[in-house]
Amino acid sequence: MTQDLWGTVLMSLAEQLKPFRGDLPVLILADQPQCHVNIKALKFLIERDIFVLFFPHNSSQILQPLDDAPFSRFKEECSKLIRRESLGAV
């Protein structure tokens, strides 16, 4: 994921939320990989009353429950594919 791609995803999400949220503000919870800190996208969201709350760095599975069991298998498979690809086995 790149900052530009993440910004595009957030701006697209803002457009998709329009019909459902009315005048209510929105809070998006996110972790803090460098690609998630996209100033242009964050300004775009704030202007539309959509706010991003970042989890603290290295926060535990209590704050990021999807990082534990649900995504661990997915991340494991992605790592295997990356290793195989880097070795030229794919």
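In what follows, the structure referred to is the one given above.
Values in this document were obtained by computation on a predicted structure and should not be read as measured data.

About the thresholds
Residues numbered from 1 in each chain as written. Predicted model: local features only at pLDDT ≥ 70, side-chain atom pairs only at ≥ 80, totals over all residues. Heavy atoms only, no water. Core = buried A, V, L, I, M, F, W, Y, C linked by side-chain atoms within 4.5 Å. Buried < 20%, exposed > 50% of the residue type's maximum accessible area, 1.4 Å probe, protein only. Helix = DSSP H or I, 4+ residues; strand = E, 2+ residues; numbered from the N terminus. Arc of directions from axis to C-beta. Contact = heavy atoms within 4.5 Å. Phe/Tyr/Trp six-rings, centres within 6.5 Å; stacked < 30°, edge-to-face > 60°. Lys NZ or Arg CZ within 6 Å of the ring centre and 35° of its normal. Patch = residues over 30% accessible without salt bridge, like charges linked within 9 Å, V, L, I, M, F, W, Y side chains within 5 Å. Areas by Shrake-Rupley, 256 points an atom, 1.4 Å probe, with all protein chains shown as cover. Salt bridge = Lys/Arg side-chain N within 4 Å of Asp/Glu carboxyl O.

A. Fine view of the nonpolar core. Of all hydrophobic cores here, the largest spans nine residues; its members are Trp6, Leu10, Ala14, Val26, Ile28, Ala41, Phe44, Leu45 and Ile50. The set of elements that each furnish at least two residues to this core consists of α1 (3–21), β1 (26–30) and α2 (39–47).

B. Summary view of α2. Within the span of α2, buried status applies to Ala41, Leu42, Phe44 and Leu45. Looking straight down α2, one finds its buried side chains confined to an arc of 160°; they lie on one side. Exposed residues pointing more than 90 degrees away from the buried face of α2 are listed as Ile39, Lys40, Lys43 and Glu47. Buried residues in α2 make contact with α1 and β2 (50–54). Of the residues flanking the end of α2, it is aspartate 49, one or two places downstream, whose phi is positive at about 60°.

C. Spotlight on the packing of aromatic side chains. Across all of its chains, the model carries zero aromatic pairs by this definition. Here arginine 48 stacks its cationic end above the ring of phenylalanine 44, 3.6 Å away from the centre of that ring.

D. Here's a closer look at unusual backbone geometry. For aspartate 49, which is not a glycine, the phi torsion comes out positive at approximately 60°. Following the sequence through the fold, aspartate 49 ends up in the loop between α2 and β2.

E. A look at a nonpolar patch on the surface. A cluster of nonpolar side chains, Leu27, Leu29, Ile46, Phe51 and Leu53, forms an exposed patch at the surface whose accessible area comes to about 490 Å². Elements represented by at least two residues in the nonpolar patch include exactly β1 and β2. Taking the relative accessible area as the measure of exposure, leucine 53 reaches 47% and is therefore partly exposed.

F. Fine view of the pattern of salt bridges. Taken as a whole and judged by the stated rule, the model has four salt bridges. Of the charged contacts in the structure, one is a salt bridge between glutamate 15 and lysine 18, with a shortest N-O distance of 3.0 Å. Linking glutamate 15 with lysine 18, this pair stays in helix α1, spanning three residues, or about one helical turn. On the accessibility criterion, glutamate 15 (36% relative accessible area) is partly exposed.

So far we have only geometry, and geometry alone does not tell us how the molecule works.
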